[in-house]
Amino acid sequence: MPKAEEMKKSIIALLGKEGGRPLNKSEIARAMELPGSMRKKLRENIAELAKSGEIEQGKKGRFSVSGECRTREGLVGKLKAAPGGHGWFFPHKTDEANLATGIDFDEQDRFYISPRSMGIALNGDIVRAKLVKNNSGSNEHNDLRARVIEIVERRSSKVTGIFVKKGKFSSIRTNDERLPPSIQVENTLDVKSGQLVVAEITEWEHVKDTPKGHLIEVLGWPGDPGVDVEAIVHQYGINATFPRNVVEAAKKIPMKIPKEEIARREDWRKRDVITIDPKTAKDFDDAIMVEKTAKGWRLAVHIADVSHYVKPESVLDLEARERGNSTYLVDRVIPMLPEELSNGICSLVPQEDRLTKCAVMDFDPEGRLFKSYFCDAVICTPRKYAYEEAQEILKNPSKGGKLGGKIREAWELASLLRKRRFDQGGLDLDMPEVSIILNDGVPTGYHREEYNESHQLIEEFMLAANEAVARKVKNSNRPTIYRVHEDPDSDKLQEFAELARSHGYEPGDLTNRRHIQKLIDSARGSLEEPAIKVGLLKSLKRASYMAIPDGHYGLAKTDYCHFTSPIRRYADLVMHRALQPLLKNRPKETDRTPDAKRCVEIAEHISGTERTSADAETESRRMKMLEWLELSSREKEPPVFDAIITEVRAMGLFMECTDILQRGLVKRDGFPDGRWFFENNADRFANSRGQILQAGTRMKVVVDEVDRIGMKADFRIVELIGGSTKKHAARKFSKGKPGGKKGDSSKGKQDHQRVNRTARKSARKNSRRRRK
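These numbers come from a predicted model, not from an experiment. (Residues numbered from 1 in each chain as written. Predicted model: local features only at pLDDT ≥ 70, side-chain atom pairs only at ≥ 80, totals over all residues. Heavy atoms only, no water.)

Description of the overall build of the chain
A count of helical and extended segments in the chain gives 19 helices and 33 strands. Carbon together with sulfur atoms contributes 47% to the accessible area of the chain, which is approximately 38400 Å² in total. (Helix = DSSP H or I, 4+ residues; strand = E, 2+ residues; numbered from the N terminus. Areas by Shrake-Rupley, 256 points an atom, 1.4 Å probe, with all protein chains shown as cover.)

Set out below in structure tokens:
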């Protein structure tokens, strides 16, 4: 081997030592014990290594092994494909080869993959990827990017699309940008061209090749009830049915609780324990009881004791772990556990004995927790309440009888806890939910549910239980899984600050959570509120599961976990098992819990299943919303929506319909009549009449066009109400001239004149261009 190559290998070995620090040229020479005559050759080799990207120069002329060189063999992790054709690579944090690179995966837990670097990887695949320098000239996606070099394991080779038959050749046409546009298939089923089908890819070697596969299921005709949602289920690889052995295991669980099991538990069956849930809920996994005491309040939060029925490493447990969570699609629920458990013996239905894990917490009159204990319990709730019923009771003191009084008493404590949480820096990011009303799979309207006191009551009690359990288990040093929300990146907060300013708000110091909450409070009740809250959510990191208790930024809690929904989340079941040895009346034999390394692996897996379910849920709701928008736009009097502009670009206006929380685009041909000019330096449109279209402008819109394949909608402005509620007076196009409130300031008139001058100047410039 040439001496130059030997020297390069020695340099890389030296700089790549575990725990080593970056070195300058002199330090490298001394460490390698090179004579003065070899210094020139050393400098040449260092220059060549730096040029090839194997080492990189940092501050003060010091060199270190580059990320690309450290990961020459590639990192193993999960790929998440995005609609635009690009993707994100999430390295496995427990993989020994990944850890040997020395990269801090807590600091950077994902890496951008450009469309060209995706190869033949599909969404959800386990891949081997190489980290390479970001040479795009943009730091938008960090200094390092990932390039897929191998498919380690397919999440699923199943794809959905439209079957196409041309002569002897059969194929399916996919409408998902994350998939190849066409797949050649062997047809062994009774299927007709135009039907929606599921196929499995069996052969695909290169990204430029057309994949080959075979049909495995015919879903039906597009537009048939339920077919579109069924396609989403297959697209995301969600198991809609349970294996036979899992169903059989669930059916073997006795539906009657043994007397000896009831005898060893705290008996709360004659206490006023109630459930408050959505009207359509079938799986009731939490119940509450609040009572005043001499020292303040006592809160008992009862959670379905799934761990009593689902034992570690049983077929039920393995299936629940694989699923990670239940998935709530627009027209169906795909549960984590079979219905015999989720809707049966585990569900805290009224008038039936049910086993629970209970967190009993004592609060002082100011809402400070001063004592708690945890136990196995048995309850028999007298009745269930829907959120709507509970809200009616809270608003009308004469309603509800004895239990109604208990609900109002519970709200007294919940409101104290809520105020205390916000005083400590918690963020109020609650927003109304919009659900689509379906009739045999066809959308017929929407229902908007406000996040009112009845929801807040249950939320505060669940947060209190989650925090108390997390603190108890953390202090015991038992391995488990926590819910973690890391601090946001300062750059993302700065982007959010600019968004807030564009809506007329002064954000203040957003590294201070109280300033963020102050901004949220100032936007409350305005049309900009959803845009402000969504913008903030985008600037924050996504909460996930981890084996370390790193706290929750959004809730301002040092200790936090998921404990309150074991019927639909596997993380909660893990926490129940970790809590067992710490119970006041612990069973003689406690469940075996995973060790620390296994907890990390499970946390990574269920964080992934949660993202998959969330994406599928969002897509199913958006799909039905777009279908309804398209259908309603054909009506004789199509619905008109309140909207607010969120961003302005030369091609049009990005906006959000605030009543249905639907985002869309208004292209320039959807503007009101007149000549509009884009002011690039101000990011807005103006016309000669002094009307302005900018971020924060309020308007009324109707649907112009719906692209159900591209999953987007274009709108058309029918009325301009004005700027944001903080800045502009109402204006209507029907009047043909700007309106204005009485007492408008001279500054407003000057602004109107300036807009006219700008519009005239733009008109003259465009006229000169046309003459040229």
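Details of the packing of aromatic side chains
The description of an aromatic ring pair rests on the distance of the ring centres and on the angle between the ring planes. Summed over all chains, the structure comprises six aromatic pairs. Arranged with centres 5.6 Å apart and planes meeting at 75 degrees, the rings of Trp-88 and Tyr-112 form a pair that is edge-to-face. Here Trp-88, found in strand S4 (residues 87-91), pairs with Tyr-112, found in strand S5 (residues 111-113); they are 24 residues apart in sequence, far enough to count as distant. Given the relative accessible area of 15%, Trp-88 is considered buried. Since its relative accessible area comes to 11%, Tyr-112 is described here as buried. When the ring of Phe-678 is compared with that of Phe-685, the centres are 5.1 Å apart and the planes differ by 45 degrees; the resulting orientation is tilted. Under the relative-accessibility criterion, Phe-678 is labelled partly exposed at 22%. On the basis of relative accessible area, Phe-685 is assigned to the buried category, the value being 0%. Here the aromatic cluster, defined as three or more aromatic residues joined through ring pairs, consists of Phe-671, Trp-676, Phe-678 and Phe-685. (Phe/Tyr/Trp six-rings, centres within 6.5 Å; stacked < 30°, edge-to-face > 60°. Buried < 20%, exposed > 50% of the residue type's maximum accessible area, 1.4 Å probe, protein only.)

Considering helix H12 (residues 401-423)
Here H12 contains 23 residues, and its C-alpha end-to-end distance of 33 Å stays within 8% of the 33 Å for a straight helix at 1.5 Å per residue. Leu-403, Gly-404, Ile-407, Arg-408, Ala-410, Leu-413, Ala-414, Leu-417, Arg-418, Arg-421 and Phe-422 are the residues of H12 that are buried. Buried residues in H12 make contact with strand S15 (286-293), strand S16 (296-304), strand S19 (354-363), strand S21 (384-386), helix H11 (387-395) and helix H13 (453-475). At the exit of H12 stands Gly-425, carrying a positive phi of roughly 105 degrees. (Expected span 1.5 Å × (residues − 1). Contact = heavy atoms within 4.5 Å.)

A word on helix H16 (residues 529-539)
Counting buried residues in H16 gives eight out of eleven residues, a clear majority hidden from the surface. Every buried residue of H16 is listed here: Glu-529, Pro-530, Ala-531, Ile-532, Lys-533, Gly-535, Leu-536 and Ser-539.

Some points on the sheet that holds S5
Overall, antiparallel pairing links the five strands, which are arranged S5-S4-S3-S6-S7 in an open sheet. In this open sheet, the two edge strands, each paired with only one partner strand, are S5 and strand S7 (144-153). Strand-to-strand twist across the sheet, computed as the mean angle between neighbouring axes with direction ignored, equals 45 degrees. Bridge count for strand S3 (residues 75-81) against S4 is five bridges, and the pairing is antiparallel. Within S4, the position partnered with Lys-80 by the bridge is Trp-88. (Pairing = 2+ DSSP bridges. Axes fitted to C-alpha atoms, helices over the stretch in contact; angles between N-to-C directions.)

Re the pattern of salt bridges
Tallied over the full model, the rule gives 64 salt bridges. With a shortest N-O distance of 2.8 Å, Arg-323 and Glu-319 are connected by a salt bridge. In this pair, Arg-323 and Glu-319 are both assigned in helix H9 (residues 315-323), four residues apart and thus about one turn of the helix distant. Residue Arg-323 is classed as buried on the basis of its relative accessible area of 10%. Its salt-bridge partner being Asp-428, residue Arg-524 comes within 2.5 Å of it at the nearest N-O pair. (Salt bridge = Lys/Arg side-chain N within 4 Å of Asp/Glu carboxyl O.)

What about the sheet that holds strand S29 (residues 676-679)?
Whenever strands of a sheet pair, they do so through backbone hydrogen bonds, lying parallel or antiparallel. Spatial strand order, S29-S30-S31: three strands in an open sheet with antiparallel pairing. If you trace the sheet from one side to the other, it starts and ends with S29 and strand S31 (692-693), each paired once. Two elements, S29 and strand S30 (residues 684-687), share four bridges in a ladder whose sense is antiparallel. Its bridge partner being in S30, Phe-678 is matched across the sheet by Phe-685.

Observations regarding the pairing of S15
As paired elements, S15 and S16 share eight bridges and run antiparallel to each other. In the sheet register, Ala-287 faces S16, and the bridge partner there is His-302. Here S15 hands over to S16 after two residues, the two strands then running antiparallel side by side.

Quick look at the packing of H12 against H13
For the pair H12 and H13, interaxial distance at closest approach is 9 Å and the crossing angle is 65 degrees. Between H12 and H13, the angle is such that the two are roughly perpendicular. Helix-helix and strand crossings are classified by hand; for H12 and H13 the assignment is left-handed. Taken together, the residues of H13 that come into contact with H12 (itself represented by Ile-407, Ala-410, Trp-411, Leu-413, Ala-414, Leu-417, Arg-418 and Arg-421) are Glu-453, Gln-456, Leu-457, Glu-459, Glu-460, Phe-461, Leu-463 and Ala-464. (Parallel < 35°, antiparallel > 145°, perpendicular 65-115°, else oblique. Left-handed = near helix turned anticlockwise from the far one by under 90°.)

A look at the pairing of strand S12 (residues 212-220)
Where strand S10 (residues 182-186) and S12 come together, three bridges link them in parallel fashion. When the bridges of S12 are listed, Gln-184 appears paired with Lys-212. Direction of pairing for strand S11 (residues 196-203) relative to S12: antiparallel, over a ladder of seven bridges. Counterpart to Val-197 in the pairing with S12 is Val-218.

Structural notes on the nonpolar core
Judged by nonpolar contacts, the single largest core of 44 residues is most densely connected at Trp-268, Val-306, Tyr-309, Leu-341, Ile-481 and Tyr-570. Those residues in contact with Tyr-309 that lie beyond four places of it in its chain are Ile-253, Ile-257, Leu-316, Leu-341, Ile-345, Cys-346 and Leu-355. Val-301, Ala-414, Val-484 and Leu-579 belong to the second-largest nonpolar core, a separate cluster that totals 42 residues. (Core = buried A, V, L, I, M, F, W, Y, C linked by side-chain atoms within 4.5 Å.)

Digging into unusual backbone geometry
Despite not being glycine, Glu-33 shows a phi value in the positive range, around 55 degrees. Its place among the elements puts Glu-33 in the loop between helix H2 (25-31) and helix H3 (39-52). Residue Asp-440 is not a glycine yet carries a positive backbone phi of 55 degrees. Turning to its location among the elements, Asp-440 is positioned in the loop between strand S22 (433-439) and strand S23 (442-449).

Observations regarding the side chain of Glu-266
Topologically, Glu-266 is positioned in strand S13 (residues 266-267). Side-chain polar atoms of Glu-266 contact the side chain of Trp-268, separated by 3.1 Å. Ignoring anything within four residues of it in the chain, the contact list for Glu-266 reads Tyr-373, Cys-375, Asp-376, Ala-377, Val-378, Lys-584 and Asn-585. (Polar contact = N/O pair within 3.5 Å; in protein donor to acceptor, adjacent residues only side chain to side chain.)

Concerning the packing of helix H15 (residues 513-523) against H16
H16 packs onto H15 with a crossing angle of 155 degrees between their chain directions and a minimal axis gap of 9 Å. On the basis of the axis angle, H15 is roughly antiparallel to H16. Of the two elements, H15 crosses H16, and the hand of that crossing is left-handed. Packed against H15, whose contacting residues are Ile-516, Leu-519, Ile-520 and Ala-523, the element H16 presents Glu-529, Ile-532, Lys-533 and Leu-536 at the interface. Class assignment for the residues of the contact of H15 with H16 results in six nonpolar, no polar and two charged. (Nonpolar A, V, L, I, M, F, W, Y, C, P; charged D, E, K, R; others polar.)

Looking at the environment of Gln-391
One can find Gln-391 in helix H11. Placed 62 residues apart in sequence, Gln-391 and Glu-453 show a C-alpha to C-alpha distance of 6.6 Å. Apart from residues no more than four positions distant in its own chain, Gln-391 is found in contact with Asn-452, Glu-453 and Ser-454. Reaching out from Gln-391, the side chain makes a polar contact with the side chain of Glu-453 at a distance of 2.8 Å.

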